[in-house]
Amino acid sequence: AHAGFESTVVVIGRDVLSATHVGWDQHIGTNKAIALDPLSQDEMSSLVSAHGVDTEQEQARAWRDTLGYPFYVQLWLEELENGGRGALMLQRFYSRTTRWMTEEQRRWLNATLFLVSVDVGSLSHVLGLAQGARGAFNWFRDEASVRDPSAERFCVREYLRSRLVDYLSISDPDQHDQWASRARSYAVGT
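Residues numbered from 1 in each chain as written. Predicted model: local features only at pLDDT ≥ 70, side-chain atom pairs only at ≥ 80, totals over all residues. Heavy atoms only, no water.

Observations regarding the pattern of salt bridges
And step 1. Tallying each qualifying case throughout the model produces 10 salt bridges.
And step 2. Two residues, Asp-166 and Arg-85, come together in a salt bridge whose shortest N-O distance is 4.0 Å. With Asp-166 in helix α10 (residues 158–171) and Arg-85 in the loop between α5 (70–81) and α6 (87–98), this residue pair connects regions lying 81 residues apart in the sequence.
And step 3. With relative accessibility at 22%, the residue Asp-166 sits in the partly exposed group. (Salt bridge = Lys/Arg side-chain N within 4 Å of Asp/Glu carboxyl O. Helix = DSSP H or I, 4+ residues; strand = E, 2+ residues; numbered from the N terminus. Buried < 20%, exposed > 50% of the residue type's maximum accessible area, 1.4 Å probe, protein only.)

What to know about the nonpolar core
And step 1. Core analysis: the biggest nonpolar cluster contains 40 residues, and Leu-113, Phe-114 and Leu-123 have the highest contact counts within it.
And step 2. Sorting elements by how many residues they give to this core places α10 first, with 6 residues.
And step 3. For Leu-113, the residues in contact, after removing those within four places along its chain, are Val-156, Arg-161, Leu-164, Val-165 and Leu-168. (Core = buried A, V, L, I, M, F, W, Y, C linked by side-chain atoms within 4.5 Å. Contact = heavy atoms within 4.5 Å.)

Observations concerning helix α4 (residues 56–66)
And step 1. Among the residues making up α4, those that are buried are Gln-59, Arg-61, Ala-62, Asp-65 and Thr-66. Here the buried residues of α4 occupy an arc of 160° about the axis, which is enough to place them on one side. Structural note: α4 exposes Glu-56 and Gln-57 on the side pointing more than 90 degrees away from its buried face.
And step 2. Once α4 ends, the next one or two residues include Leu-67, with phi positive near 50°. (Arc of directions from axis to C-beta.)

Considerations on unusual backbone geometry
Most peptide bonds adopt trans geometry, and most residues besides glycine take a negative phi value.
And step 1. Phi at Leu-67 takes a positive value of approximately 50°, unusual for a residue other than glycine.
And step 2. Summarising the element assignment, Leu-67 is placed in the loop between α4 and α5.

Re the side chain of Glu-79
And step 1. Within the secondary structure, Glu-79 is located in helix α5.
And step 2. By relative accessible area, Glu-79 is classed as buried at 6%.
And step 3. At 2.8 Å, the side chain of Glu-79 and the side chain of Arg-163 are in polar contact.
And step 4. Contact partners of Glu-79, with chain neighbours within four places excluded, come to Gly-84, Arg-85, Met-89, Tyr-159 and Arg-163. (Polar contact = N/O pair within 3.5 Å; in protein donor to acceptor, adjacent residues only side chain to side chain.)

This is the structure in structure tokens:
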């Protein structure tokens, strides 16, 4: 910002830059941003079809999981090449996603996986603790590795959500069912 010469700033990330710190808008917000656009649904269908995915159900899941975002498309194709969503792949995915999280944050994450919309009220209901719901929401709101930055409401990125739910369903079916039941009861009550 204080340089006496024209500067080019290149930032590559997975979140809306201005959501990560208020200083971004202040220091470089007036400059032109170049954002990569995701593939369209037709482009995504053509791509996965070229990789041997011909069923409408799997093409629809590929779109739902990735929404055409290049990073998720790459992960989806790597997953396909490595035999799909097997137990070990799901376990590695869960471990990689949660390795920096505390036990409490993992619990919060597991609760958010089953919610259509993550907010203080839904977390309070699903977690069963009104006092800790605001802290859980604040963590989720600021956790760019799991939050969908382009959604109209706070929710988990679909690619992550689907794999983490799959992992919970095979690693701890009772806990999976409890989270799902709590989320359903909240949806019915609202």
